[in-house]
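Secondary and tertiary structure notes
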Amino acid sequence: MSPPRDASRILAVLGPTNTGKTHYAIERMLAHRDGMIGLPLRLLAREVYDRVVKQKGPAAVALVTGEEKIWPDTARYFICTVEAMPLDRVVSFLAIDEIQLARDPDRGHIFTHRLLHARGTGETLLLGSDTMRPMLRRLLSSVELQRRERLSTLSYSGPIKLTRLPKRTAVVAFSAEEVYAIAELIRRHRGGAAVVMGALSPRTRNAQVALYQSGEVDFLVATDAIGMGLNMDVDHVAFASRAKFDGRRSRALRADELAQIAGRAGRFRTDGTFGETGECRELDKETISRIEEHSFEPVEAIEWRTHALDFQSLPGLLRSLDAPPPQPGLVRARGASDEETLKRLAADETLRARITRPADVRRLWDVCLTPDFRKATPDEHARLVGAMAGHLLGPKARIPQDWFAREVEALDRTDGDLDSLQGRLAHIRTWTYAANRPDWVDDCEHWRERTRAVEDKLSDTLHDQLTQRFIDRRTSALVRGLKREDAMLAGVAENGDVTVEGHYVGRLEGLEFRPDPRADGREAKAVRAAATRALAPEVTRRLRALAADADDAFRLDDFGRLFWRRAPVGRLSAGPQITRPRVALAGGEGGDPAARDAAEARLSAWITGAIDAELAPLARLGAAVRDPAVPSAVRGLAFQILEAGGALDRGDAEAALSGLDDEGRRMVSALRVRVGRVTVFVPSLLKGGAVRLHAILRRVQAGDGLRAYLPRGAAGPMLEGLTWADYVAAGYRPAGRIALRLTALETFAGHASAARRAAGGRAFPLTPELGRTLGCRASDIEPALLALGFRRVAKPTPEAPGQWRLPGRRPERPAPAPTRDTPFAVLAAHWQGGAS
């Protein structure tokens, strides 16, 4: 039995949140040889237990809750939930926390009983809100009252949009649906939020709070579960709602309840703020003033139910529970779960028949004390408790092992959504509670471990699902890493995948970082910023390696993109002339600026070297045009070839050719220019490397971003937008609806000329064998020849092929040759731009 009410000093330490009351109580308890403290939440009890164990060691400390008991034989300090306090244990010190819960309709009568009857032999400490001061004076004549002021200031900051809430904010709502919706919104806009609700298991709540406390997320979305004892580093509390369903009805929160929650903002000496967010109505000035000044109407009545229960008979127990309060200020508790369950079971004739002695009445009442963790309907809860009572009042007086095992096994599943997991968690807590009753279950230790393992598994799965749904862990990790001064941990796999702080963020292709395309908004910014910073050493290393590499490490693709060891590292763009394109490095941001400049210079040197080597004939033609010592006829022909992109139709060049003397012809030959039967061209420009590079540079100079025109066969397609110079650079020339390779056309013309001579006339027979030398489809041969100036003089017959003549010479006025007074830049502008 507990000691008499006046056996010890009774001190009530009252005040708002963040006054250090619980801390003071722990210090006072540890100053005694033994002690006990009753706390409002299992979660808070576990937190205090861990703290006391660090100071006194596990052998000296017991944890006693409805679902968990750690009770060494040598325990001297008992950390308990208020309901589970072992009051038959005599201790020197005893404390009750949050005594204002004595007004709670569901649990209030328990707190009232402890307040009136639980005592330490040397010291009793009552902790709670200052609203309890008048009630304590009325009920406890010898109580000493001490007020503590808040260690920091709590002030109202007004409404703030959800997407603009400051970091370290706790958003408070009062339904799971609302909590989830807000958490999802914060995840999309701010990276994520931890979730804390009363329906979560302590293990899950602890894990979620740890995410917030560690800084992995800056926001917490919670129900009023955060208002009771949970110590977190919250700077601002934002109410998304001010109405809650209290298990009986939906009602608006009182000012003192709002203050209890708002008081979570600001810890120790750090000031805190509170306000509204979302669709919550603004607080009125009077409520704001009360919360800021911690001034509330005193508690005028608290819940009470007699502890002097009559176990002689079931009717006697029911009558004793209905006993009236012994004094003013106490209100008979109505609707408590245990009492309502007892009334329902008392109406069960089968169960009632098993109650034959006072011990049976007491046992039935013990079973009715099983908490309704599931928050089921009264009938559902009564059915489960009734089934347990039926076994406990039966011949074996134990819950059957096979039934217990089936119930636990059915809950040992981790599939389903959040609601399914929470439902199983609530249900397993009922069996955990039963497993902690050695007088209910055989092999109690086994079932304690089994139910605890299932609860832990479900709790961890629920935590993981909450985290996956409401926290963008990658963004959170990257933002945290960006805040640090030390280098972020980055890795680049062989395939280019980049991880930063253990999270995939994208790919490093050459020098350019390509972020994960799934990232958007704030996440995309965090990914790019983190990658730029974390990859700086690797990018610098690659830049330096590129700058020092040999020529065979580089290549150019058909779009004018530069590659280094198969990775894209740059792009060409139009320059002052076709043979001097500009080089732009692709990526390299965040790397050392000097290394970046060196890498860009290396790419420029490589492409310049390749152009000078492969396109040397163009340079020779340009030099001839610029050299005043070169005869004007030669300069004019060289200019025409450059202007046309490296090749001329023989007819268009006839005027310039007719003006050449023997020395001029030798000079043209020295320029490697070949005067063909159909085309005047430079054969060395038609070789593989030169023709490809020339075609690419033509498209680069055009600046359209298209792929270079590089057909593979003897005949190619005609494409809209291409000029004569574009075709010629690729080694082709337009021929009606197709383009023909220059060399194939010259081969055809040579065979045609030989066939004409063999025929002894002015025409040549277009035999199938001759046509095939063009390398195009048979149906394209005649249209191509006509477009090229060939003339058909006789149609084919079944007996003989058609007769054709080679293109005639078309004397024209000589093209104006450059003079000493004509700047080469003016002339070169034509061929540099690819004019046709």
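Positions within a chain are numbered from 1, following the residues in the order the chain's sequence is written. Confidence filtering applies because this is a predicted model: local features only for residues at pLDDT of at least 70, side-chain atom pairs given and counted only at 80 or more, and all residues used for totals across whole chains, interfaces and linings. For the side-chain quantities, the full set of heavy atoms in the structure was used; hydrogens and water were omitted.

1. Some points on the packing of helix α12 (residues 358–368) against helix α13 (residues 378–392)
Packed helix pairs are characterised by how far apart their axes lie and by the angle those axes make with each other. Remark: α12 packs on α13, axes separated minimally by 9 Å, with the N-to-C direction vectors making an angle of 150°. Taken together, the axis directions place α12 and α13 in an arrangement best described as roughly antiparallel. Read as a crossing pair, α12 and α13 show a hand that is right-handed. Between α12 and α13, the residues in contact are Arg363, Leu364, Val367 and Cys368 and Val385, Met388, Ala389 and Leu392, respectively. Basically, the charged four are Asp, Glu, Lys and Arg, the nonpolar ten are Ala, Val, Leu, Ile, Met, Phe, Trp, Tyr, Cys and Pro, and anything else, Gly included, counts as polar. Of the residues that constitute the contact of α12 with α13, the class distribution is 7 nonpolar, no polar and 1 charged. Fitted lines through C-alpha atoms serve as axes, helices being fitted only where they are in contact, and the angles separating the N-to-C directions of these axes extend from 0 to 180 degrees. Comment: elements are numbered from the N terminus, with helices defined as DSSP H or I runs of at least four residues and strands as E runs of at least two. Every angle not falling under 35 degrees, over 145, or within 65 to 115 is termed oblique; those three ranges are roughly parallel, roughly antiparallel and roughly perpendicular. Handedness of each helix crossing follows the sense of rotation of the near helix against the far helix: counterclockwise by less than a right angle gives left-handed, clockwise gives right-handed. We call two residues contacting when some pair of their heavy atoms lies within 4.5 Å.

2. A closer look at the pattern of salt bridges
Where charged atoms of side chains with opposite charge meet at close range, the side chains can pair. Should a side-chain nitrogen of Lys or Arg be within 4 Å of a carboxyl oxygen of Asp or Glu, the pair is scored as a salt bridge. Counted by the stated rule, this structure contains 67 salt bridges. Notably, a salt bridge pairs Arg450 with Asp412, separated by 3.2 Å at the nearest N-O pair. With Arg450 in helix α16 (residues 444–470) and Asp412 in the loop between α14 (401–411) and α15 (418–435), this residue pair connects regions lying 38 residues apart in the sequence. Of the charged contacts in the structure, one is a salt bridge between Lys457 and Asp412, with a shortest N-O distance of 2.7 Å. Pair noted here: Lys457 is in helix α16 and Asp412 is in the loop between α14 and α15, with a separation of 45 residues, a long-range link. In the salt-bridge network here, residues are joined through shared partners; they are Arg305, Asp322, Arg332, Arg334, Asp338, Glu339, Glu340, Lys343, Arg344 and Asp379.

3. Things to note about the confidence of the model for the protein
Do not read the fine detail of predicted coordinates wherever pLDDT is low. Looking at any residue, its pLDDT shows the predictor's confidence there, from 0 to 100. Of the residues in the protein, 92% reach a pLDDT of 70 or more, and the chain-wide mean stands at 88. Taken together, the stretch residues 1–6 has pLDDT below 50 and engages in 13 contacts with residues farther than four places along the chain or on a different chain. Long-range and interchain partners of residues 810–836, a stretch whose pLDDT sits below 50, account for 48 contacts in this model, where long-range means more than four residues apart.

4. Re the sheet that holds strand β7 (residues 123–128)
Whenever strands of a sheet pair, they do so through backbone hydrogen bonds, lying parallel or antiparallel. In this description, strands pair whenever DSSP reports at least two bridges between them. The strand order across the open sheet formed by 8 strands is β4-β3-β5-β2-β6-β7-β1-β8, and the pairing between neighbours is mixed. Strands at the two margins of the open sheet, each flanked by one partner only, are β4 (69–70) and β8 (144–147). Sheet topology note: the strand β3 (residues 61–64)/strand β5 (residues 77–81) ladder contains 4 bridges and is parallel. Along β5, the bridge assignment pairs Val64 with Cys80.

5. Observations regarding the environment of Asp310
Along the chain, the position of Asp310 falls in the loop between β17 (302–304) and α9 (314–321). Through-space distance from the C-alpha of Asp310 to that of Asp558 is 97 Å; in sequence the pair is 248 residues apart. In this structure Asp310 touches Gly316, Leu317 and Ser320, once residues within four positions along its chain are discounted. Within the structure, the side chain of Asp310 is placed 2.9 Å from the backbone nitrogen of Gln312, a separation counted as a polar contact. Two N or O atoms form a polar contact when they lie within 3.5 Å of each other; inside protein one atom must be a possible hydrogen donor and the other a possible acceptor, and for residues adjacent in sequence the pair counts only when both atoms belong to side chains.

6. Focus on unusual backbone geometry
Not every positive phi belongs to a glycine, and Asn18 is a case in point at roughly 60°. Tracing the sequence through the fold places Asn18 in the loop between β1 (9–14) and α1 (21–30). Notably, His294 is not glycine yet its phi reads approximately 55°, a positive angle. You can see His294 is positioned in the loop between α8 (285–293) and β17.

7. A word on the packing of aromatic side chains
Classification of ring pairs rests on two measures: the distance between centres of Phe, Tyr or Trp rings, Trp counted by its six-membered ring, which must be within 6.5 Å, and the angle between planes, read as stacked under 30 degrees, edge-to-face over 60 and tilted in between. In the structure shown here, the tally under the stated rule is 14 aromatic pairs. A centroid spacing of 6.2 Å and a plane angle of 80° characterise the contact between Tyr709 and Tyr732, whose relative ring orientation is edge-to-face. Highlighted residues: Tyr709 in the loop between α25 (688–702) and β30 (715–717) and Tyr732 in strand β31 (residues 732–735), separated in sequence by 23 residues. For every residue, the accessible area obtained with a 1.4 Å probe (protein chains only) is divided by the maximum for its type, and the residue is called buried under 20%, exposed over 50%, and partly exposed between those limits. The class of Tyr732 is buried, set by a relative accessible area of 1%.

8. Focus on the side chain of Glu123
You can see Glu123 is positioned in strand β7. For Glu123, a relative accessible area of 2% puts it in the buried group.

9. A closer look at the pairing of β31
Direction of pairing for β31 relative to strand β32 (residues 738–741): antiparallel, over a ladder of 4 bridges. What sits directly across from Tyr732, in β32, is Arg741. The loop that links β31 with its antiparallel partner β32 comprises 2 residues; one of these, Gly736, has a positive phi angle of about 75°.

10. Quick look at α1
For α1, the set of buried residues is Lys21, Tyr24, Ala25, Ile26, Met29 and Leu30. Buried-residue contacts for α1 involve β1, β2 (35–39), α2 (42–56), β5, β6 (93–96) and β7.

11. As for the pairing of β6
By the alternation rule, side chains of β6 split into Phe93 and Ala95 and Leu94 and Ile96, which are all buried. Here β2 pairs with β6 via 4 bridges, running parallel. Residue pairing in the sheet places Ile37 in a bridge with Ala95 of β6. Here is how to tell: hold the view so the strands point away, follow the path from the first strand over the helix to the second, and if it runs clockwise the crossover is right-handed. Read from β6 through helix α3 (residues 108–117) to β7, the crossover connection turns out right-handed.

12. Thoughts on the environment of Tyr212
By the secondary structure assignment, Tyr212 is in helix α6 (residues 202–213). Separated by 589 residues in the primary sequence, Tyr212 and Pro801 have C-alpha atoms spaced 90 Å apart. Ignoring sequence-local partners within four residues, the contact set of Tyr212 consists of Arg168, Thr169, Ala194, Val217, Asp218, Phe219, Leu220, Met232, Asp233 and Val234.

13. A few points about the packing of α9 against α12
Put simply, α9 and α12 touch, their axes get as near as 9 Å, and they point 50° apart. Relative to α12, the element α9 lies oblique. Along its contact with α9, which presents Leu314, Leu317 and Leu321, the element α12 presents Val361, Leu364 and Trp365. In terms of residue class, the contact of α9 with α12 is built from 6 nonpolar, no polar and no charged.

14. Overview of helix α22 (residues 632–643)
Given a helix with a known number of residues, its expected span is that number minus one, times 1.5 Å. In this model, α22 (12 residues) spans 16 Å end to end at C-alpha, consistent with the 16 Å of a helix rising 1.5 Å per residue. When you tally the buried positions in α22, you get 9 out of 12 residues, the bulk of the element. If you check which residues of α22 are buried, you get Val634, Arg635, Gly636, Leu637, Ala638, Phe639, Gln640, Ile641 and Leu642. Backbone geometry just downstream of α22 places Gly645 in the positive-phi region, at approximately 95°.

15. Topic: the sheet that holds strand β27 (residues 647–649)
Taken in spatial order, the 3 strands make up an open sheet running β27-β29-β28, and their pairing is antiparallel. Of all the strands in the sheet, just β27 and β28 (674–675) have a single pairing partner and so form its edges. Alignment of β27 against strand β29 (residues 679–681), held across 3 bridges, turns out to be antiparallel. Counted as the bridge partner of Asp649 is Thr679 from β29. Most of the contacts of helix α27 (residues 742–759) go to β29, to which it runs at about 130°, and overall it touches β27, β28 and β29.

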